[in-house]
Amino acid sequence: MENHPPVRVERRPVSEAESRRANGPDWDRYADEYQATHGEFLGDAGFVWGPEGLTEAEARCLGDVTDRDVLEVGSGAGQCSRWVRSNGGRAYGLDLSHRQLQHSRRIDAESGIHVPSVLGTATALPFADDSFDVVFSSFGALQFVSEIGTAIAETARVLRPGGRYAFSITHPTRWMFPDDPGEEGLVASQSYWDRTPYVEVDDETGVVAYVEHHRTLGDWVTLLAGHGFVITDLREPEWPEGHDRVWGGWSGVRGKYTPGTAIFVARLGA
Ligand SMILES: C[S@@+](CC[C@H](N)C(=O)[O-])C[C@H]1O[C@@H](n2cnc3c(N)ncnc32)[C@H](O)[C@@H]1O
């Protein structure tokens, strides 16, 4: 969750259509600031799984990507996919935000590493069945969609049997705490089991401007198992000693005590 003023914050149900109508334009508005603020940390051809800075070179959640067909859902400016391409994989991007994809094109041109990308949503992937060996998201898309079962079903559909799925999200336990990087963010104040979405409403127009959805760890296990995935790993990166970067609600103050990122790794089929 980032700050998008002037808005008022609510907790209430929102549909998939409403989530999409809010989040596409929101990421269009926010993309320039996002890339200016976080672009250097992400690296033009870098792959970090979250604000803790765990890289795919360290984590190896995707396995060997050489000669693999790889889809990044919620690819933003394509940094992770560019890392996959520079490591021998055929990575493709998909994102809901036109402006994020313009940044992807800009970095393609600047870096010389091109990530073919498409405007679309995680809940309706514009690819044939069995197209990819690996699908991944680094904080992309999943916590922004309402119809998460559809997004997981779409992933299973485009993956080849035995294919790998890896994604990072805000650690579900973080939803118990205020989104504050300071000590206030260490005091539990809301129920872990309350799945009511976090909604920002434009104060002047009343239009929903931003939405995030919460699922518990158990929800994710049920979702993945229910769509034919076998979970092979759940990574919870620790906050590294001396890492003093603050990103929204992620900081060393909180990272010392509570996990901020969860990375699920799964295989399609037995
Ligand atoms: C936090 S960014 C992560 C992108 C990239 N991995 C990074 O670290 O910069 C989340 C991305 O998800 C995209 N997104 C949000 N909802 C989406 C959806 N329904 N389908 C596809 N992408 C979506 C946003 O446009 C945004 O680029």
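Bear in mind the structure is a predicted one, so any value in this text is a computation, not a measurement.

Rules of the game
Residues numbered from 1 in each chain as written. Predicted model: local features only at pLDDT ≥ 70, side-chain atom pairs only at ≥ 80, totals over all residues. Heavy atoms only, no water. pLDDT = per-residue confidence, 0-100. Helix = DSSP H or I, 4+ residues; strand = E, 2+ residues; numbered from the N terminus. Salt bridge = Lys/Arg side-chain N within 4 Å of Asp/Glu carboxyl O. Buried < 20%, exposed > 50% of the residue type's maximum accessible area, 1.4 Å probe, protein only. Pairing = 2+ DSSP bridges. Axes fitted to C-alpha atoms, helices over the stretch in contact; angles between N-to-C directions. Contact = heavy atoms within 4.5 Å. 1 Å grid on protein atoms, 1.4 Å probe; cavity = no way out; pocket = protein on both sides within 12 Å on 5 of 7 lines; lining within 4 Å. Points joined across faces, edges and corners; volume = space filled by probe spheres on them. Nonpolar A, V, L, I, M, F, W, Y, C, P; charged D, E, K, R; others polar. Lys, Arg positive; Asp, Glu negative; His and termini not counted. Polar contact = N/O pair within 3.5 Å; in protein donor to acceptor, adjacent residues only side chain to side chain. Right-handed = clockwise from strand over helix to strand, strands pointing away. Phe/Tyr/Trp six-rings, centres within 6.5 Å; stacked < 30°, edge-to-face > 60°. Near = heavy atom within 4 Å. Sits in = over half its atoms within 2 Å of the grid points.

### Focus: the confidence of the model for the protein chain
Then, in step 1: Mean pLDDT for the protein chain: 96, with 98% of residues reaching 70 or above.
Then, in step 2: Across the protein chain, strand S2 (residues 69–73) holds the top mean pLDDT of 99, while strand S1 (residues 7–11) sits lowest at 91.

### With respect to the pattern of salt bridges
Side chains that differ in sign of charge can pair as their charged atoms come close.
Then, in step 1: Tallied over the full model, the rule gives 17 salt bridges.
Then, in step 2: Taking the shortest distance from any N to any O, the salt bridge between Arg8 and Glu10 comes out at 3.1 Å.
Then, in step 3: The exposure class of Glu10 is partly exposed, given its relative accessible area of 22%.
Then, in step 4: In this structure, Glu154 engages Arg157 in a salt bridge whose closest nitrogen and oxygen atoms are separated by 2.8 Å. Note that Glu154 and Arg157 are positioned in helix H5 (residues 148–158) at a spacing of three residues, about one turn of the helix.
Then, in step 5: For Arg157, a relative accessible area of 25% gives the class partly exposed.
Then, in step 6: A cluster of three or more residues bridged by salt bridges with shared partners is formed by Arg8, Glu10, Arg12, Glu18 and Asp203.

### A few points about the sheet that holds strand S5 (residues 132–138)
Then, in step 1: If you trace the seven strands from one edge of the open sheet to the other, you get S4-S3-S2-S5-S6-S10-S9, paired in mixed fashion. At either margin of the open sheet sits one strand with a lone partner, and together these are strand S4 (117–119) and strand S9 (229–235). The mean angle between the axes of side-by-side strands here comes to 20 degrees, regardless of whether they run parallel or antiparallel.
Then, in step 2: Relative to strand S3 (residues 90–95), helix H3 (residues 79–86) is tilted by about 170 degrees, and along the sheet it contacts S2, S3 and S5.

### As for empty space enclosed by the protein
Then, in step 1: The full count for this structure, using the stated rule, is three cavities of 30 Å³ or more.
Then, in step 2: Looking at the largest cavity, its volume works out to about 630 Å³.
Then, in step 3: Along the walls of the largest cavity sit 41 residues, with Trp27, Ser138, Phe139, Gly140 and Phe144 positioned nearest its centre.
Then, in step 4: Within the residue set of the lining of the largest cavity, elements represented by two or more residues are helix H1 (16–42), H3, S3 and strand S8 (208–212).
Then, in step 5: A per-element tally of the lining of the largest cavity places H1 first, with eight residues.
Then, in step 6: Looking at side-chain class alone, the lining of the largest cavity contains 19 nonpolar, 16 polar and six charged residues.

### Some points on the side chain of Glu52
Then, in step 1: As for its placement among the helices and strands, Glu52 is situated in the loop between H1 and helix H2 (56–59).
Then, in step 2: Arg174 provides the closest opposite charge to the buried, unpaired Glu52, separated from it by 5.9 Å.
Then, in step 3: A distance of 2.8 Å separates polar atoms of two side chains, one belonging to Glu52 and the other to Thr261.
Then, in step 4: Non-local contacts of Glu52, meaning those with residues more than four positions away in its chain, are made with Pro237, Glu238, Trp239, Pro240, His243, Trp250, Gly260 and Thr261.

### Some details on the pairing of S3
Then, in step 1: Pairing geometry for S2 and S3, over five bridges, is parallel. Across the sheet, Asp69 pairs through a bridge with Arg90, a residue of S3.
Then, in step 2: At this point the chain moves from S2, through H3, to the parallel S3, and the crossover so formed is right-handed.
Then, in step 3: As paired strands, S3 and S4 are joined by three bridges and run parallel to one another. By the bridge assignment, Gly93 is partnered in S4 with Ser117.
Then, in step 4: Each parallel crossover has a hand, and the one from S3 via helix H4 (residues 98–111) to S4 is right-handed.

### Regarding the packing of aromatic side chains
Then, in step 1: Within this structure, the stated rule accounts for 21 aromatic pairs.
Then, in step 2: Here the aromatic rings of Phe47 and Trp49 are separated by 4.8 Å at their centres, their planes lie at 50 degrees, and the arrangement is tilted.
Then, in step 3: Relative accessible area serves as the criterion here: at 3%, Phe47 is assigned to the buried category.
Then, in step 4: Classification of Trp49 as buried rests on a relative accessible area of 0%.

### Some details on the site of the ligand
Then, in step 1: In the vicinity of the ligand there are 20 residues, among which Tyr34, Asp95, Gln100, Ala122 and Ser138 approach most closely.
Then, in step 2: A distance of 2.6 Å is found between an oxygen atom of the ligand and a side-chain nitrogen or oxygen belonging to Asp95.
Then, in step 3: Between a nitrogen atom of the ligand and a main-chain N or O atom of Ser138, the distance comes to 2.8 Å.
Then, in step 4: Taken atom by atom, the bulk of the ligand overlaps the largest cavity.
Then, in step 5: At three residues, H1 tops the list of elements feeding residues into the shell around the ligand.

### Brief notes about the sheet that holds strand S7 (residues 198–202)
Then, in step 1: Strand order in the open sheet formed by three strands is S1-S7-S8, with antiparallel pairing between adjacent strands. At either margin of the open sheet sits one strand with a lone partner, and together these are S1 and S8. For this sheet the average axis-to-axis angle between neighbouring strands, irrespective of direction, equals 20 degrees.
Then, in step 2: When S7 meets S8, the two strands line up antiparallel, connected through four bridges. Its bridge partner being in S8, Val201 is matched across the sheet by Val208.

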